[in-house]
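Below are the chains, spelled out letter by letter.
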Amino acid sequence: CIVRDKISAISLGIGSVLLGVTLDYSLHVLTHIRDNNSAKSLYTEISKPILMSSFTTALAFFCLLFLDSQALQDLGVFAGVSSLGASFFALIFIPHLYKKPVIKKKYRNTLIDKFSAIPLHKSKWIFIGLAAICVISIFTYKKVLFNKDLTKLNYEPPVLMEAQHNLEQITNIASKSVYVAGDGATLQDALAVNDSIYKVLNKLEASKQIIDFSSIGALVQSAKGQTNKIKQWNSFWTANEKQFVEDNLVESGAKLGFKPTTHQQFYKLLDKEFTPLNPADFSVLKVLNIEDYIGGEEGFYTVTTLVKLDDDKIDSFTKQLNKLSGVVVIDRKGINEQFLGNLKNDFNDLVFYSLIVVLIILCISYRSLSLTIVTAIPIGLTWFITIGIMGLLGIQFNIFNIIISSF
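Residues numbered from 1 in each chain as written. Predicted model: local features only at pLDDT ≥ 70, side-chain atom pairs only at ≥ 80, totals over all residues. Heavy atoms only, no water.

### Re the confidence of the model for the chain
Stage number 1. With 85% of its residues at a pLDDT of at least 70, the chain reaches an overall mean of 80.
Stage number 2. The spread of mean pLDDT over the elements of the chain runs between helix α6 (residues 158-171), the lowest at 71, and helix α5 (residues 124-140), the highest at 90. (pLDDT = per-residue confidence, 0-100. Helix = DSSP H or I, 4+ residues; strand = E, 2+ residues; numbered from the N terminus.)

Structure follows, in structure tokens:
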């Protein structure tokens, strides 16, 4: 509450992973407290390793503050504070709450105890296995890609996927959806741009370059466009044309039993002087919500159109629409993918920042460059093997696992 009044969902998601990391501090204390006779010897042995571990983890997360994303900055603060708090509370509270037997108790070795007693550094098979994995990773680490499609990150049951496929066949929901926005300083300017968009989209739909589009252009037009339509109407309904239609209706109606005045309202409509309508006048139509398409405020207005098309035609479509003045093509999926691509680049920098922070802490702690390098080798080797295994198994990076693997 002191730093932020809100917390992002991604911070809470990573918090579940932090539970495993921060629980290690308590396990370290409880494991060592079994075999120590005094709190002094306990703190002498484990205080420095635990504090160093928490500081390196926390400072690595605090490197997120260098990124521009506020959600990731929140994650950095949340994770860093959690790591530091867990180490301090483990060192302070657990020794006070743990009641050690007066008579020294002989603890039964568990499966974990037995495994930890194995001299792994003396096993030639482990060395051979690690060497084999390293050799394989040399050829597979370049195969790892970054998946920018958020729609493929969730698990979908087969039944749901089949139902979705059937729905896609009916509604074209699987096709690419983009927004085309025409803007202007006034609402009439924006409507004039939308008139041009509507004409282009009609041609593209007729030539099968787009699947479908939803626009108010067929009904709501600019004052200039309406004036041109009114001129076309008036030029068609000349006095002779009106009289000819009226005579034919009266004659044909008489044979069917209609009075000569039956279509009088229609005759009045032909003689009416039409004027352009304002967009607000269309609000009486309940089947069309104008506010869904028109937005803006004084000095800037937009009229939006939803277009559905195939994925492979998005580039050519964008080029054609960008030729019009005052038109912007908005691809939400493309924007998300671009954002995630930039985020991937940010994490490349983040890995570098985190590594520098860890090396500095190790140098300060060990006061030896050789020990620092030796300690850092497992970090780099594990990262390399991890990427190699991902490439071998066809696992891709995404917005979720790249955060975890980076730290």
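Next comes the rest of the write-up.
### Description of helix α11 (residues 314-322)
Stage number 1. Restricting attention to buried positions, one finds in α11 the residues Ile 314, Phe 317 and Leu 321. Projected down its long axis, α11 carries its buried residues within an arc of 65°, all on one side. Turned more than 90 degrees away from the buried face of α11 sit Asp 315 and Lys 319, all of them exposed.
Stage number 2. Looking at the buried positions of α11, the neighbouring elements they touch are β1 (176-184), α7 (187-206), β4 (300-309) and β5 (327-330). (Buried < 20%, exposed > 50% of the residue type's maximum accessible area, 1.4 Å probe, protein only. Arc of directions from axis to C-beta. Contact = heavy atoms within 4.5 Å.)

### Overview of the packing of helix α9 (residues 239-256) against helix α10 (residues 264-271)
Stage number 1. Running from amino to carboxyl end, α9 crosses α10 at an angle of 175°, the nearest separation of the two axes being 11 Å. Judged on the interaxial angle alone, α10 and α9 are roughly antiparallel. Note on element contacts: α10 touches α9 through Phe 266, Tyr 267, Leu 270 and Asp 271, opposite Lys 242, Val 245, Glu 246, Leu 249 and Val 250.
Stage number 2. Class assignment of the residues belonging to the contact of α9 with α10 gives a composition of six nonpolar, no polar and three charged. (Axes fitted to C-alpha atoms, helices over the stretch in contact; angles between N-to-C directions. Parallel < 35°, antiparallel > 145°, perpendicular 65-115°, else oblique. Nonpolar A, V, L, I, M, F, W, Y, C, P; charged D, E, K, R; others polar.)

### Section: a nonpolar patch on the surface
Stage number 1. On the surface, Phe 115, Ile 118, Leu 120, Ile 126, Leu 130, Ile 133, Ile 136, Ile 389, Leu 392, Leu 393 and Ile 395 cluster together to form a nonpolar patch covering roughly 950 Å² of accessible area.
Stage number 2. Residue assignment for the nonpolar patch shows that the elements contributing at least two residues are α5 and α13 (369-393).
Stage number 3. It is α5 that provides the largest number of residues to the nonpolar patch, a total of four residues. (Patch = residues over 30% accessible without salt bridge, like charges linked within 9 Å, V, L, I, M, F, W, Y side chains within 5 Å. Areas by Shrake-Rupley, 256 points an atom, 1.4 Å probe, with all protein chains shown as cover. Salt bridge = Lys/Arg side-chain N within 4 Å of Asp/Glu carboxyl O.)

### A short note on unusual backbone geometry
Stage number 1. Phi angles above zero are rare outside glycine, and Lys 208 is one such case at about 65°.
Stage number 2. Within the secondary structure, Lys 208 sits in the loop between α7 and β2 (212-214).
Stage number 3. Even without being glycine, Arg 367 reaches a positive phi, approximately 55°.
Stage number 4. Within the secondary structure, Arg 367 is located in the loop between α12 (332-366) and α13.
Stage number 5. Relative accessible area serves as the criterion here: at 76%, Arg 367 is assigned to the exposed category.

### Some points on the pattern of salt bridges
Stage number 1. Using the criterion set out here, one finds one salt bridge in the structure.
Stage number 2. When the shortest N-O distance is used, the salt bridge between Lys 242 and Asp 271 registers 3.2 Å. Taken together, the positions of Lys 242 in helix α9 and Asp 271 in helix α10 put the pair 29 residues apart, joining distant regions of the chain.
Stage number 3. Accessibility expressed as a relative area gives 52% for Asp 271, which makes it exposed.

### Remarks on the nonpolar core
In summary, soluble globular proteins display a tendency toward joint burial of nonpolar side chains.
Stage number 1. By size, the foremost hydrophobic cluster in this structure holds 18 residues, and its most contacted members are Leu 64, Leu 72, Leu 75, Phe 347, Phe 397 and Ile 403.
Stage number 2. Listing elements by their share of this core, those giving two or more residues are α1 (9-33), α3 (70-97), α12, α13 and α14 (401-406).
Stage number 3. Among the elements that make up this core, the one with the highest residue count is α3 (three residues).
Stage number 4. Apart from residues no more than four positions distant in its own chain, Phe 397 is found in contact with Val 144, Leu 145, Phe 146, Asn 147, Trp 383, Ile 387, Met 390, Ile 402 and Ser 405.
Stage number 5. Val 180, Val 193, Ile 197 and Leu 204 belong to the second-largest nonpolar core, a separate cluster that totals 16 residues. (Core = buried A, V, L, I, M, F, W, Y, C linked by side-chain atoms within 4.5 Å.)

### Observations concerning the environment of Val 29
Stage number 1. By the element assignment, Val 29 lies in helix α1.
Stage number 2. Of the residues examined, Val 29 reaches a relative accessible area of 1% and is grouped as buried.
Stage number 3. Distance in space between the C-alpha atoms of Val 29 and Glu 45 is 9.8 Å, their sequence separation being 16 residues.
Stage number 4. When near neighbours in sequence (up to four residues on either side) are disregarded, Val 29 contacts Leu 42, Ile 46, Ile 50, Ala 90, Leu 91, Ile 94 and Pro 95.

### A closer look at the pairing of β4
Stage number 1. Judged by how many residues are buried, β4 sits mostly within the fold: seven of ten residues are covered.
Stage number 2. Relative to β4, β1 is paired through nine bridges, and the arrangement is antiparallel. Directly across from Ala 181, in β4, lies its bridge partner Thr 304.
Stage number 3. Two elements, β2 and β4, share three bridges in a ladder whose sense is antiparallel. Within the sheet, the bridge partner assigned to Asp 212 lies in β4 and is Lys 308.
Stage number 4. With four bridges connecting them, strand β3 (residues 294-297) and β4 associate as antiparallel partners. Bridging from a neighbouring strand, Gly 295 pairs with Thr 302 of β4.
Stage number 5. Between β3 and β4, which pair antiparallel one after the other, the connecting turn spans two residues, and Gly 299 there sits at a positive phi close to 100°. (Pairing = 2+ DSSP bridges.)

### A word on the packing of aromatic side chains
The way to describe two aromatic rings as a pair is by their centre distance and the angle between their planes.
Stage number 1. The final tally for this structure, using the stated rule, is ten aromatic pairs.
Stage number 2. Where Trp 233 meets Trp 237, the ring centres are 5.9 Å apart and the plane angle is 55°; that geometry is what we call tilted.
Stage number 3. Ring centres of Trp 237 and Phe 266 lie 6.4 Å apart, and the angle between their planes is 85°; on these two criteria the pair is classed as edge-to-face. Placement of Trp 237 in the loop between α8 (223-236) and α9 and of Phe 266 in helix α10 is noted, with a sequence separation of 29 residues between them.
Stage number 4. Given the relative accessible area of 31%, Phe 266 is considered partly exposed.
Stage number 5. Chaining the aromatic ring pairs together yields one cluster made of Trp 233, Phe 236, Trp 237, Phe 266, Tyr 267 and Phe 274. (Phe/Tyr/Trp six-rings, centres within 6.5 Å; stacked < 30°, edge-to-face > 60°.)

### Brief notes about the packing of α7 against α11
Stage number 1. Two elements in contact, α7 and α11, have axes separated by 11 Å at closest approach and are oriented at 145°. Our pair here, α7 against α11, has a crossing hand that is right-handed. Where α7 approaches α11, its residues Ile 197, Val 200, Leu 201 and Leu 204 are matched on the opposing element by Phe 317, Gln 320 and Leu 321.
Stage number 2. Its residues assigned to classes, the contact of α7 with α11 shows six nonpolar, one polar and no charged. (Left-handed = near helix turned anticlockwise from the far one by under 90°.)

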